[in-house]
Amino acid sequence: MNARVSSHSPTDNATGPRGANAGVRAEDLTIHFATKAGTVKAVDGVSFEIEPGETFGIIGESGSGKTTLGRALAGLLKASGGDIHYGEHTLGKLPRAERQRLRRDYQIIFQDPHAALNPRMTILQSVMEPLEILKEGDKSSRQRAAREALERVGLAPEIGRRYPHELSGGQKQRVNIARTLTVRPKFIVCDEVVAALDVSIRGAVLNLFAELQEEFGITYAFITHDISVVSHVSDRIGVLYLGRLMEMGPTGAVTDAPLHPYTQALLSAEPLPLPGDQRDQRRRIRLEGEIPSPLAPPSGCRCRTRCPAAQTRCAEQIPEWREARPGHWVACHFADADGPPGPVR
Amino acid sequence: MAQHNGGQPAPLLAVENLNISFTHPGGETAITRDVSFTVAPGERVGVVGESGCGKSVTGLALMGLLPKRTARVRGQIRFQDRDLASLPAREMRRLRGREISMIFQEPMSALDPVFTVGEQLTETLRAHEKISRKEARQRAIAALEEVGIPSPHTRIDEYPYQFSGGMRQRVMIAMALICRPKLVIADEPTTALDVTVQAQITDLLCEISETTGTALLFITHDLGVVAETCSRLLTMYAGQVVESAPVDDVLRRPRHPYSSGLLRSLPGLSERGSRLPSIPGRVPAPDRMPAGCRFQARCPHAIDGCEQPQPLLEIHGARLARCWRTDQLQLPGAVNE
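In every chain, residue numbers begin from 1 and rise along the written sequence. Key to labels: chains lettered from A, ligands numbered from 1, both in the order written. Side-chain atom pairs in this predicted model are given and counted only at pLDDT of 80 or more, local residue features only at pLDDT of at least 70, and totals for whole chains, interfaces and linings cover all residues. The side-chain figures draw on all heavy atoms in the structure; neither hydrogens nor water molecules are used.

Caption draft 1: Fine view of the overall build of chain B. Working definition: helices are DSSP H or I runs of at least four residues, strands are E runs of at least two. Numbering for both runs from the N terminus. Broken down by element type, chain B carries 11 helices and 13 strands. Its C-alpha atoms put chain B at 70 × 50 × 50 Å along the principal axes. Buried, partly exposed and exposed residues are distinguished by accessible area as a fraction of the type maximum, computed with a 1.4 Å probe on protein chains only: under 20%, between the cut-offs, and over 50%, respectively. Per-residue burial for chain B yields a buried fraction of 53% across its 337 residues. Here the contacts in chain B between residues at least 6 apart in sequence split such that 65% fall between residues at least 24 apart. Here a residue-residue contact requires only that any non-hydrogen atoms of the pair lie within 4.5 Å.

Caption draft 2: Fine view of the sheet that holds strand β5 (residues 89-90) of chain A. Residues and elements named next belong to chain A. A pair of strands is labelled paired if DSSP reports no fewer than 2 bridges between them. The strand order across the open sheet built from 4 strands is β2-β1-β4-β5, with neighbouring strands paired in antiparallel fashion. The open sheet has two edge strands, β2 (38-50) and β5, and neither has a second partner. Taken together, the 10 bridges between strand β1 (residues 24-35) and β2 define a ladder with antiparallel strand orientation. Residue pairing in the sheet places His 32 in a bridge with Lys 41 of β2. Under this scheme, a helix contributes an axis fitted over its contacting stretch, all axes are lines through C-alpha atoms, and angles between N-to-C directions fall in the 0 to 180 degree range. Helix α1 (residues 66-73) contacts β1, β2 and β4 (81-86) of the sheet and is inclined by roughly 120 degrees relative to β1.

Caption draft 3: Quick peek at the environment of A:Arg104. Residues and elements named next belong to chain A. Inspection of the secondary structure puts Arg 104 in the loop between α2 (96-103) and β6 (106-109). According to the relative accessible area criterion, Arg 104 is buried, its value standing at 9%. On a C-alpha basis, the gap between Arg 104 and Pro 185 in space is 6.1 Å, while along the polypeptide they are 81 residues apart. Between N or O atoms, a polar contact is any pair within 3.5 Å; within protein, one atom must be a potential hydrogen donor and the other a potential acceptor, and residues adjacent in sequence are included only when both atoms are from side chains. A polar contact of 2.7 Å, which involves the side chain of Arg 104, links it to the side chain of Glu 136. In this structure the side chain of Arg 104 is engaged in a polar contact, spanning 3.1 Å, whose partner is the backbone oxygen of Val 183.

Caption draft 4: Fine view of the domain arrangement of chain A. Residue and element names in this part refer to chain A. Segmentation into domains, and thus their bounds, comes from an automatic or database assignment. As assigned here, chain A comprises domain 1 (52-75 + 97-239) and domain 2 (242-269 + 277-340). For domain 1 and domain 2, the distance between their C-alpha centres works out to 31 Å. Of the residues lining the interface, 14 residues belong to domain 1; the matching set on domain 2 comes to 18 residues. Each of two parts loses accessible area, computed with a 1.4 Å probe, when they are put together; buried area is these two losses added. Together, the buried faces of domain 1 and domain 2 total about 1,300 Å²; carbon and sulfur atoms form 61% of this surface. Of all residues in domain 1, Glu 61, Ile 237 and Val 239 give up the largest surface area on contact with domain 2, accounting jointly for 46% of the area buried on that side. The salt bridge criterion pairs a side-chain nitrogen of Lys or Arg with a carboxyl oxygen of Asp or Glu, the two atoms within 4 Å. Across the salt bridge formed by Glu 61 and Arg 306, the nearest N and O atoms sit 3.0 Å from each other. The interface formed by domain 1 and domain 2 holds 8 residue pairs in polar contact (both at pLDDT 80 or more) in total. Listed by contribution, the elements that provide at least two residues to the side of domain 1 that touches domain 2 are β3 (55-59), α7 (227-233) and β9 (236-241). Looking at which element gives the most residues to the side of domain 1 that touches domain 2, the answer is β9, with 4 residues. Each residue is assigned to one of three groups, with Ala, Val, Leu, Ile, Met, Phe, Trp, Tyr, Cys and Pro labelled nonpolar, Asp, Glu, Lys and Arg labelled charged, and all others, Gly among them, labelled polar. Taken together, the residues of the side of domain 1 that touches domain 2 sort by class into 5 nonpolar, 6 polar and 3 charged.

Caption draft 5: Structural view of the interface of chain B and chain A. Listed by partner, the interface residues are 47 residues for chain B and 44 residues for chain A. Buried surface at the junction of chain B and chain A, summed over both partners, amounts to about 3,600 Å²; 50% is from carbon and sulfur atoms. Among the residues of chain B in contact with chain A, B:Val195, B:Glu228 and B:Arg272 are the three that bury the most area, contributing 18% of the side total. On the surface where chain B and chain A come into contact, there are 2 salt bridges. Between B:Arg252 and A:Asp277 there is a salt bridge whose closest N-O contact spans 2.7 Å. One can count 21 residue pairs in polar contact (both at pLDDT 80 or more) joining chain B with chain A. Elements that contribute at least two residues to the side of chain B that touches chain A include exactly α7 (165-177), α8 (195-212), α9 (223-229), α10 (247-252) and α11 (257-264) of chain B.

Caption draft 6: Summary view of unusual backbone geometry. Residues and elements named next belong to chain A. Non-glycine residue Lys 135 carries a positive phi angle of around 55 degrees. Inspection of the secondary structure puts Lys 135 in the loop between α3 (123-133) and α4 (139-152). One non-glycine residue, Glu 192, lies in positive phi territory at about 50 degrees. Looking at the element boundaries, Glu 192 is found in the loop between β7 (187-191) and α6 (199-216). Its relative accessible area of 7% is what places Glu 192 among the buried residues.

Caption draft 7: Main features of the pairing of strand β1 (residues 13-24) of chain B. All names here are of chain B. Here 4 bridges tie β1 to strand β3 (residues 35-39), and the two strands are oriented antiparallel to one another. The residue bridging Ala 14 from the neighbouring strand is Thr 38, located in β3. Pairing analysis gives 8 bridges linking β1 to strand β5 (residues 71-79), with the strands arranged antiparallel. Looking at the pairing, Glu 16 lines up with Gln 76 of β5.

Caption draft 8: Geometry of the sheet that holds strand β12 (residues 313-315) of chain B. All names here are of chain B. Taken together, 8 strands build an open sheet; the order of strands is β7-β8-β9-β4-β10-β11-β13-β12 and the sheet is mixed. Edge positions in the open sheet fall to β7 (100-103) and β12, since each of these has one partner strand only. Strand after strand, the sheet turns through a mean of 20 degrees between neighbouring axes, direction not considered. Pairing between strand β4 (residues 44-48) and strand β9 (residues 215-219): 4 bridges, direction parallel.

Caption draft 9: Summary view of the confidence of the model for chain A. Residue and element names in this part refer to chain A. Considering every residue of chain A, the mean pLDDT works out to 89; 92% of them sit at 70 or more. As a per-residue quantity, pLDDT reports the predictor's confidence and falls between 0 and 100. By mean pLDDT, the top-scoring element of chain A is β9 (98), and the lowest-scoring one is helix α10 (residues 276-279) (82). Contacts for the low-pLDDT stretch residues 1-19, under 50 throughout, to residues beyond four places or in other chains number 35 contacts.

Caption draft 10: Main features of the nonpolar core. Working definition of a nonpolar core: buried Ala, Val, Leu, Ile, Met, Phe, Trp, Tyr and Cys residues. They are joined through side-chain atoms within 4.5 Å. With 93 residues, the main nonpolar core has B:Leu13, B:Phe37, B:Ile173, B:Leu183 and B:Ile185 as its most contacted residues. Residue contributions to this core peak at 8 residues, all from α7(B). Each residue touching B:Leu13, except ones within four places of it in the same chain, is listed here: B:Phe37, B:Thr38, B:Val39, B:Leu62, B:Ile77, B:Arg78, B:Phe79 and B:Leu183. Ranked by size, the runner-up nonpolar core spans 34 residues in total, among them A:Ile109, A:Val153, A:Ile159 and A:Cys190.

Written as structure tokens, this is what we have:
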């Protein structure tokens, strides 16, 4: 990409220098929703820390709570229990005004690039909007910042005059990225940001995220159901199932030598574009059924109803969250440093 | 089975020069251009391409499901001994669901929410066969059992909303297969599902196709799914078939730059954290198709000569590619040879 914005920031009339980048930490986070049918424990006791400048991948099936977790990380949902820490700030303990002030640093980009844009606003208006809400600069400086951000994400200036329906999915997602960039966030939650895009252009959008991280030191939480995407972009991966982490560790360790039977099954279910003779060496571990309702999660280990290695203990006792290998955590009674238990090893 | 030239079994489906267009107040817009391909009895053929390449429209045309008022379908769709493109609506209705059926991406919108699963399954059966209600119900229960729905005796009386996404897709498959059709068109049948459930559904489709001899036309954007389910791959681009070949051959050495580009775009094939390849630009709008190679504007191998119209060239080994440079190019596939 040859169109680069001066490296300090896309808005040159900002209110002073932005603070040093800070990590994000979830501490025993729970998010419950009250429904007519009972309490949905969408996120139920999750702890992890995302280092400054890191890409933390969160993978899970639908119903695993990954989107709820993402919204909470971006400060859009209130924790029912536990808390989220932005650097030295504890989100739940901050006064409202302070929380509002911090919000610009913690952004989210959604899955559907079209739904995220107002169809009646031009692209330039949409990209300027965050700065208007923040009341930053005057109109001409906001326009300039928006144009620079569009340029940075690889869009021609005339795109700014168009409306969302005139753009392709990939272009619209670039617009959403540009809009986020105008406020120069420290942390971005990327919630299935390439899922709605054709495979042919996913690579270019993922490359853009990587460039922006290098350039601005942005920290990412990358939420996706796509194993190949998450393993390509992430430094570390957390595997979420029914509101709990099953496994967390460095990307290579999790994808090449998973500890949890669920991770192993998930990885083996990914269809690979390989010729028959090369695919046969890989054995598919079939997970029976589908993810149970979060209204009534199974007792003990939540994964046990689908786990090929489940035993009676799994129904009786919640597995401890432990560090089976250095930096590699797992919640399974029977996994050890050598890998997952019994029949699936 | 009828034989035709060369002792080859006659194809079950032979699409020839299928041109689909839509009329609108401003004129007529062509969506597909001279699409030709065959499906042998029991064969599983994958159709890939980006959105807007004409995959789904082709599938709907085969089913006779395009809106009569606006869609123009020219060319031939030979299915066994009939031409579906010119078949009267009444006869098409008799065929649809019995000999050729379709599985859609979104089972929740394809199933009727106000009827039980059993009512919808028996409706299909009783529309095509003279059987009693009781017998139809028995067949419907057996069909649900075949697709792996637990306790089919009770679930048959439930409504679609009472089923999970994966189970609903199983109901769709049961419905598509209940009359034992010779061809099933599956349009992105696993796209809305999680990978673990997707694996169950593709396994099920392969298993049923193998035991019943049903041919499958699998429309998808996922080359991994094609590799695991199909034996032959059609790549479509901008309303044309640009490559047709055995799946494993394409994965090793694609013969059209677009197939190669699609394969190379898969993140799983690149080294972790490296820059990912992608195909620049986008599919040209139907009313702005170039006269020559439709992929040339996005093709890294385009040279003088590519502005000429490209015929589908025959390459040895039952392969076809719409690229005059195909023999000059060593295009990378999914694996390094």
